[in-house]
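Results of the structural survey
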Amino acid sequence: MVSFDNKSYSKKLLHLISWGHWFTFFNILAAIGFSSFYLINESIPETLLGQAYLFTTWVSHIAFLTFISFVLLLFPLTLIFPHTKFIRTSGSIIFTVGLLLLVLDAFIYNRLGYHLNASSSSQIIDLITEQINDNTTKFYLISSVLALVILAFQLVISNFAWKHLLQLQKTVFARFVVLFLVMSFFFSHLSHIWADANLDYDILQQDTMLPLSYPATAKTLLTKYGLFNLNDYLERKTSPLEFTSTIPDYPVLNTSQCKPMLGAIDNQQASTFIVLIDDELSVEQLQQLQQRSSTGSLLLENHIDTGLNADSWFNFFYSLPNIYQDGILSQEQAPMLFQALKHHKLDTTFTTISATKGDLKEANQTWYKSLFNQHNSLEGISTILFADNLNTISAGLHVFYFSSSDKGNNQDNYNFELFVDALLLAQKQKQLKDYIWISSINNKHEDTRLSTKPALLVYPSSQPAQLKEFTHLTSHMDLQPTLMKNWLNCFNTPKNYAAGHDLLTLKRDRVIANTTAKGMMVFNKDKSVFVDQNGNFQSYSRQLEAPITVNADFPLLIDGVHYIKQFGNTASSKLND
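What follows covers the packing of helix H14 (residues 336-343) against helix H18 (residues 479-486). Their axes nearest at 9 Å, the elements H14 and H18 cross at an angle of 25 degrees. Put simply, H14 runs roughly parallel to H18. Between H14 and H18 lies a crossing whose hand is left-handed. Between H14, through Met336, Leu337 and Ala340, and H18, the contact on the second element is made entirely by Gln480, Leu483 and Met484. Tallied by class, the residues present in the contact of H14 with H18 amount to 5 nonpolar, 1 polar and no charged.

Printed below as a string of structure tokens:
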């Protein structure tokens, strides 16, 4: 009797395992079909070897992942609880979830450039939330129909494999399919080993195409996204980041999207005062200044300024990463903000304040001075310190730049704080309030470029003055979109001319990136990452305020690339429309 039971159990178990193999086989074919979505946005390799690698790594890798799902999930269940209905139901649910995750991962890859991962969970959730908000009914309808279709497919092949198991075991075609997949697996791996040794970019650029595939290098990714020259990659040379395609034309203001400015009193318009200093400011300094404000204000604690010298001014006025600087400046087109100022017939002044004439002379020799109608150079603040002087300045954009020498000067900081105090107090005497921006600008040393430098935005508000701390990541590139919409009443879409966002409507975290002559800097809420020309990662923890050692965070790098290329991609899509 015992012997009979053992034989019955073994026969039943072997029958279930054999069914599981065939059930997995049909799911491998289905997974290969669904995974074709990964190829939609991929460029076709130029060489025959690259094309062969693309096909073989695609089918073999997806087949391997599907088979591993059987080995790790369904096979152990079969051994532990070999009941037919339970195993067949479990198998259908497991592979339904697996194929749905595959479709979701392919969608995320095509939209964001990377696969499902924990480090970019906020960006992935934002993307899904955006799809739901755009059309809730359509999203849930498509998701439900897709899930039901896949589940129905699972039940059909489960039932087919169970009822026709003996016939399937006698077939020959499956052996040739499995043999082809195994040969493709070895061919793709051997091809990749050869490509890695010989820097065959046609193969290596495919490293991140499929989920859980080869880890790419930072330089491969940057070359793939057009931020490194391919020839330099192949020759193992280092070079500054630059676009491999032409820099797009900087846009011209669409005046139809600019409405009359709001809040005018007695034909007077509100102004914007921008107060900048070379030296870094502390949160405590800005908190004290914020307390003197009688209107709305945002203390931007997680503010970023990565530039050196003229780079920061380009980020500030054009709201674009440094990689666009040479190409945009050569077009001699004024920033969108200055085009709008001209449209509204508002004045523009730039006042440089410094302790020595030598510093004034050096500070005046810069490209951005040509954007302004009037330039002033002062050795002190006595002439601009009183409310009567400040409140009679013509309506427009007025920049006050406290330039300091490399040696540093306490007098500069004292004059800066005294002037800001006077400016904020003068606002209390004005019926029509102004916009005021206060921050440092430039980095005197390379080692401060990955740290945050707080800034303060004061804006007119009908609400009582409140001390608000802004926890989201911000940068100089956000100022222009903020002023365009809220001050100048121009509703040109920010992504058409800037990488930044309107600070008064920013409600979510994001990744911010910029480039330097030596590489690329990427920031998220927790850390800063610098990637040099050789693809080496260096990270800086803002919580610990110190460098940290982390693994290469490629999703973060790809998010940074998307941020940098946003303006170029938008301009290109408009040309193609």
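Running from N to C, helix H2 (residues 48-80) and helix H7 (residues 173-198) point in directions that differ by 125 degrees, and their axes come no closer than 8 Å. Viewed along their axes, H2 and H7 adopt a mutual orientation that is oblique. The handedness of the crossing between H2 and H7 is left-handed. Of the residues in H7, those touching H2 at Leu49, Ala52, Tyr53, Phe55, Thr56, Thr57, Val59, Ser60, Ala63 and Phe64 are Phe180, Leu181, Ser184, Phe185, Phe187, Ser188, Ser191, His192 and Trp194.

Bringing unusual backbone geometry into the picture now. The phi angle at Leu212 is positive, at roughly 55 degrees, despite the residue not being glycine. Its location among the elements puts Leu212 in the loop between helix H8 (201-204) and helix H9 (218-224). Notably, Asn442 is not glycine yet its phi reads approximately 80 degrees, a positive angle. Along the chain, Asn442 falls in the loop between strand S7 (435-440) and strand S8 (455-459).

The next point concerns the pairing of strand S2 (residues 296-300). Buried residues dominate S2, accounting for 5 of its 5 residues. Residues of S2 alternate between two faces, with Gly296, Leu298 and Leu300 on one and Ser297 and Leu299 on the opposite face, all of them buried. Here 5 bridges tie S2 to S8, and the two strands are oriented antiparallel to one another. Across the sheet, the residue bridging to Leu298 is Leu457, located in S8.

Right, let's talk about the state of the cysteines for a bit. Scanning the entire structure with this criterion turns up 1 disulfide. In this model Cys258 forms its disulfide with Cys490; the gap between the sulfur atoms is 1.9 Å. The chirality of the disulfide connecting Cys258 with Cys490 is right-handed, given an S-S dihedral of about 115 degrees. Of this pair, Cys258 sits in the loop between helix H10 (230-234) and strand S1 (272-277) while Cys490 sits in the loop between H18 and strand S11 (512-516), and the two are 232 residues apart along the sequence.

Moving on to the environment of Ile108. Structurally, Ile108 is set in helix H3 (residues 84-112). A relative accessible area of 0% places Ile108 in the buried class. For the pair Ile108 and Ile128, spaced 20 residues apart in sequence, the C-alpha separation works out to 8.9 Å.

We now examine helix H5 (residues 136-163). The first and last C-alpha atoms of H5 sit 41 Å apart over 28 residues, in line with the 40 Å expected at 1.5 Å per residue. When H5 is considered as a whole, its buried residues turn out to be Ile150, Gln154, Ile157, Ser158 and Ala161.

Here we take up the environment of Val275. By secondary structure assignment, the location of Val275 is in strand S1. Separated by 123 residues in the primary sequence, Val275 and His398 place their C-alpha atoms 8.5 Å from one another. Each residue touching Val275, except ones within four places of it in the same chain, is listed here: Phe400, Phe402, Phe416, Phe419, Val420, Leu423, Trp437, Ile438 and Ser439.

As for its position among the elements, Ser184 is in helix H7. A relative accessible area of 3% means that Ser184 is categorised as buried. Along the primary structure Ser184 and Trp58 are separated by 126 residues, whereas in three dimensions their C-alpha atoms are 9.0 Å apart. In terms of polar contacts, Ser184 uses its side chain to reach the backbone carbonyl oxygen of Phe180, at 2.8 Å.

Attention now moves to helix H11 (residues 283-290). Because the α-helix completes a turn every 3.6 residues, residues three or four places apart line up on one side. Turning to H11, its buried residues number three or more, namely Gln285, Leu286, Leu289 and Gln290. Projected down its long axis, H11 carries its buried residues within an arc of 135 degrees, all on one side.

How each quantity is defined
- Within every chain, residues take consecutive numbers counted from 1 along the sequence as written.
- With pLDDT at 70 or above as the cut-off, local features in this predicted model cover only qualifying residues; side-chain atom pairs require 80 or more to be listed or tallied, and sums for whole chains, interfaces and linings still use all residues.
- Excluded from the side-chain calculations are hydrogens and water; all other atoms, namely the structure's heavy atoms, are used.
- All axes here are fitted lines through C-alpha atoms, helices being fitted over the stretch that makes contact, and every angle between N-to-C directions spans 0 to 180 degrees.
- By definition, any uninterrupted DSSP run of H or I lasting at least four residues is a helix, any uninterrupted run of E lasting at least two residues is a strand, and each is numbered from the N terminus.
- Note on angle classes: values under 35 degrees are labelled roughly parallel, values over 145 roughly antiparallel, values of 65 to 115 roughly perpendicular, and the remainder oblique.
- Rotating anticlockwise by less than a right angle from the far helix to the near helix defines a left-handed crossing, while the corresponding clockwise rotation defines a right-handed one.
- Working rule for contacts: check all heavy atoms of both residues, and any pair within 4.5 Å makes them a contact.
- Each residue is assigned to one class: nonpolar for Ala, Val, Leu, Ile, Met, Phe, Trp, Tyr, Cys and Pro, charged for Asp, Glu, Lys and Arg, and polar for all the others, Gly among them.
- Accessible area is worked out with a 1.4 Å probe on protein chains only. A residue is then buried under 20% of its type maximum, exposed over 50%, and partly exposed in between.
- In short, DSSP must find at least two bridges between two strands for them to pair.
- When two cysteine sulfur atoms are found within 2.5 Å, that pair is recorded as a disulfide.
- A helix is expected to span 1.5 Å for every residue after the first.
- Polar contact is defined as a pair of N or O atoms within 3.5 Å, subject to the rule that within protein one atom must be able to donate a hydrogen and the other to accept it, and that residues adjacent in sequence are counted only when both atoms are side-chain atoms.
- The arc refers to the directions leading from the helix axis to the C-beta atoms.

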